[in-house]
Structure formats: C-alpha cells, structure tokens
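# A closer look at the structure
The lines below spell out each chain.
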Amino acid sequence: MSDLYERLGVSRDASTEEIRRAYKDAARTHHPDRGGDTETFKKIQEAHEILSDDDRRKMYDMTGSTSNDQSGQATTAGGFPFSFMGGMGPFGMPGVAFDMGDIFGNIFGGGGGPKKAQRRGGRGPAKHHDIGLKLSDFYKGAEIKLKFNQARKCLDCKGTGAESTEPCGQCGGQGMKIQMRQIGPGMIAQTRAPCDACEGEGKRTMRVCRGCHGKKFNEREKALEIRITPGMKEGEKLTFAGECSDTLEYDEPGDVVLTLRRADEENPFVWKDADLYISKTVSYAESVLGFTVTLDGHPNGQAPRFVWNGGPLIHGAVLEMKGGGMPKVGGGYGNCFIQIQISPPPTKPWTPEEAARLQSVLGGTAANFEKVPTLDLAFADSQMSSLLF
Ligand SMILES: [Zn+2]
Ligand SMILES: [Zn+2]
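Numbering of residues starts from 1 in every chain and runs along the sequence as written. Whichever chain is written first is A, and whichever ligand is written first is 1; the rest continue in order. pLDDT decides what is reported in this predicted model: residues at 70 or higher carry local features, side-chain atom pairs at 80 or more are listed and counted, and totals for whole chains, interfaces and linings draw on all residues regardless. Note that the side-chain values use all heavy atoms of the structure and ignore hydrogens as well as water.

### Section: the environment of isoleucine 278
Rules: Starting at the N terminus, helices and strands are each numbered in turn, a helix being any DSSP run of H or I of at least four residues and a strand any DSSP run of E of at least two. Exposed residues in this analysis have more than 50% of their type's maximum accessible area, buried residues have under 20%, and partly exposed residues fall in between, with area computed by a 1.4 Å probe over protein chains only. What makes two residues a contact is simply this: any of their non-hydrogen atoms within 4.5 Å.
When you line up the elements, isoleucine 278 lands in strand β12 (residues 275-282). Its relative accessible area of 7% is what places isoleucine 278 among the buried residues. For the pair isoleucine 278 and phenylalanine 337, spaced 59 residues apart in sequence, the C-alpha to C-alpha distance is 6.4 Å. Not counting the four nearest positions on each side in its chain, isoleucine 278 is found in contact with Pro268, Phe269, Leu295, Phe337, Ile338 and Gln339.

Have a look at this one:
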C-alpha cells in the first residue's frame, strides 16, 4: 500500500482523470464514516494529493519522494525536467523541437521508486517511447538531444541514504518481527512480519547521508543524442542501454528504447517503403493541355515541380517522378507517384465555334447545336448538372 499508484489502484501512466475517479471510488469505500480504516483513508488522500499535482507527481515518479519540498533537485528551472535541444545535425540541419509532454515522466516511471518497493534485483525493465519526427527529418537526417534528469544511486552511501546506521532496536537487527497474537480462547498464533520500524532493513539511520540528504539518489542532467540518418524507417527502434533512472527495485537501470514515429499529419505525402505518394488535382484544360504541379511539403524542402506535357490524361492516372521518393539505406532514392484528379469539366455545351475548333483537333462529328430545340437544350443542361453535383 505504500506505492501511491497502488493505493489508488491505478497504473503509473494513469491520466489525471483516471486518478481523480479512482480517488473518488477509493475514498467512498474507505471513508471512516462508512466504517473504513482511518489510516487507509489518510493514505488514499495523501496519494491523491500528490498524484493530482503535476509537479509533485513528477517528483514522486523520479525520486519516490512524497515530500512537498519543491526546492529539491527533482525539478529544474520552471519545474520542467525535460527539454529537447535542437542541435545541428550531421547534415547541417537543425534538430527538431517537438512536444515533450508525451515523454515526460515515463522514461523515469518508477525512478527512485516507492520506499517499500519490492526488491526484484537484476536489470530493470526497458522503457519504451515514441519520438515524433517530420518526414523531412527522415529524408535529411536530424540530430536531437533529449535532455532529462536521470536519477543515480548516491555514491557516498551506495543508495542507502545513511552515512551511518545502527541495528534496529525494535527487531534486534533482524528486519523481521515475531509477534504472538491470541486468535481465540487458548489459541496463540505466531506471526513473522517485516519490522515496521526499520521497514525490514534491520538497521536504522543514525546520520543521514550528506551526499544525497537521505534521498538515496542524486539526479544529474543527462542528454541522449538521437541521430536520425537518411534511410531510417518509421518504426525503427533506438536503444540506449541503462539510461533509465536507478531504482530501489532493481540492481541495474533498464534501457531507454525510442521508436521513430512520423508525426506530421499535415504533410500530404504518403510514405511506403522508399516511395512517396501524393494526389494532385488539375483542371480539365490542364489534363488536356499539360501542366506543372508544385509538390509542396516534399521532404527535400524545395517544393519540387513536376511538369507534364505528355498529352491528355484520364482521371486517376498515376505519374511517376523518378528519384522523387525517400532516401534508401544503400544510397539512391525511391520514386514519387502522383495521382492525378481532374476537376469537373465545363458544364456548358460548346458553342458551334468551339465545337468546330475541337473537332478540328479531335476529329469526330460535332452536334448541330443550331438545330437543337431550346427545350431539349435546357433538359440536357439540367441532366448534366445533376450528374456532376
Ligand atoms: Zn527493525
Ligand atoms: Zn547518499
């Protein structure tokens, strides 16, 4: 019950709303007025108080501290422990800055850890996160610095928080206490449980470690350098070994695993393998006479133009721009495919002069409009309109 999240029965990545709801439920169940245990109720209140306060929650996540001391090392200037620094990449491109909200708190989830966290030993679990990138970052490459506060066990006290200790008087240094309890007439039960006074450690702090002020961990600013090279694909994972925070739970910190994701929904290009796909609309006249389309949003950043003068096209035709796609790992580029949408043709019938000129190019036989009765023409007009709109 010591872990704040466990007290409320929520996961470590619970939203503020989930925490609020879990608190309401738990408070209702354990309210002393309804016969609940006062201590349990207080613990639930405390958990809610901390987890519903963003700053205090972040601090708890990183250090396991429930203290309300905001001047501690857990927060950096502005109370925000993360920042992405756009550096200059290997290709002379500035790195991208993107939303840090998603990442915050998760990399360290359980950093420091709750005080009575169950010891598991070994290496901690890897923490997975997405890194949102623009299509142009995948195209040109980018270098991103992910800065955060990383908790490491205090070297002075080796993570005990104590400079000196004494054996616990309550349990004689055993860490466990044997209690005799009468459970019925003439029936005595012997129970063995971790000592409350020393939390099962068998020793108590005589003097608090000066290196960490008893917090067991110290934080330092750490920057992970994320290097995106051309040819990398969406979904690719980058592993940073042992970069999670130290915890009380595990001997070794877990890995930070970042998954590259495309996060530029406004960009019109669809990316598949090394190829790009886009749809462009041209007028009816352009579809017949040729056109130039500008590929705005193309990841090369230069809005390349595609010129078509190869003759009339049908609606839905796909044109190929060789080398207009994404970079490939071994060098070279994929292609860009442009699907042509033709906007509706004119809805007015040709004048006899227009029909004659079109006929001279297209061949065929022009209708003799002058001989079409007015009524029929109006009918033809409305038919065409209803087909088009
Ligand atoms: Zn003890
Ligand atoms: Zn220390």
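### Side note on the coordination of the zinc ion (ligand 2)
In plain terms, the rule: Sites may look incomplete, because water is not among the atoms used; the donor set itself consists of N, O and S atoms within 2.8 Å of the metal (3.2 Å for Na, K and Ca). In these descriptions, tetrahedral denotes four donors with every angle between 85 and 135 degrees, square planar four donors and octahedral six donors with opposite donors over 155 degrees apart and the rest between 65 and 115, and irregular any other case.
Every protein donor of the zinc ion (ligand 2) is accounted for by Cys154 (SG), Cys157 (SG), Cys209 (SG) and Cys212 (SG), and the metal-donor separations fall at 2.2 to 2.3 Å. Around the zinc ion (ligand 2), the four donor atoms sit at angles spanning 107 to 113 degrees, and that spread fits a shape best called tetrahedral. As a motif over one chain, the donors of the zinc ion (ligand 2) read C-x2-C-x51-C-x2-C. Placement of the pair is cysteine 154 in the loop between β3 (142-153) and β4 (162-167) and cysteine 212 in the loop between β7 (203-208) and β8 (217-228), with a sequence separation of 58 residues. Taking relative accessible area as the criterion, cysteine 212 reaches 0% and is therefore assigned buried.

### Re the coordination of the zinc ion (ligand 1)
Protein ligation of the zinc ion (ligand 1) involves Cys168 (SG), Cys171 (SG), Cys195 (SG) and Cys198 (SG), the donor distances falling in the range 2.2 to 2.4 Å. You can call cysteine 168 buried: its relative accessible area is 1%. By relative accessible area, cysteine 171 is classed as buried at 10%.

### Observations concerning the pattern of salt bridges
Put simply, the test is: Just to be clear on terms, a salt bridge is a Lys or Arg side-chain nitrogen sitting within 4 Å of an Asp or Glu carboxyl oxygen.
Under the defined criterion, the tally for this structure stands at 18 salt bridges. Between glutamate 249 and arginine 120 there is a salt bridge whose closest N-O contact spans 2.7 Å. Of this pair, glutamate 249 sits in the loop between β9 (237-240) and β10 (256-262) while arginine 120 sits in the loop between β1 (83-86) and β2 (127-133); the two residues are 129 residues apart in sequence, bridging distant segments of the chain. Classification of glutamate 249 as buried rests on a relative accessible area of 17%. Through salt bridges with shared partners, a single network forms among Glu17, Arg20 and Arg21.

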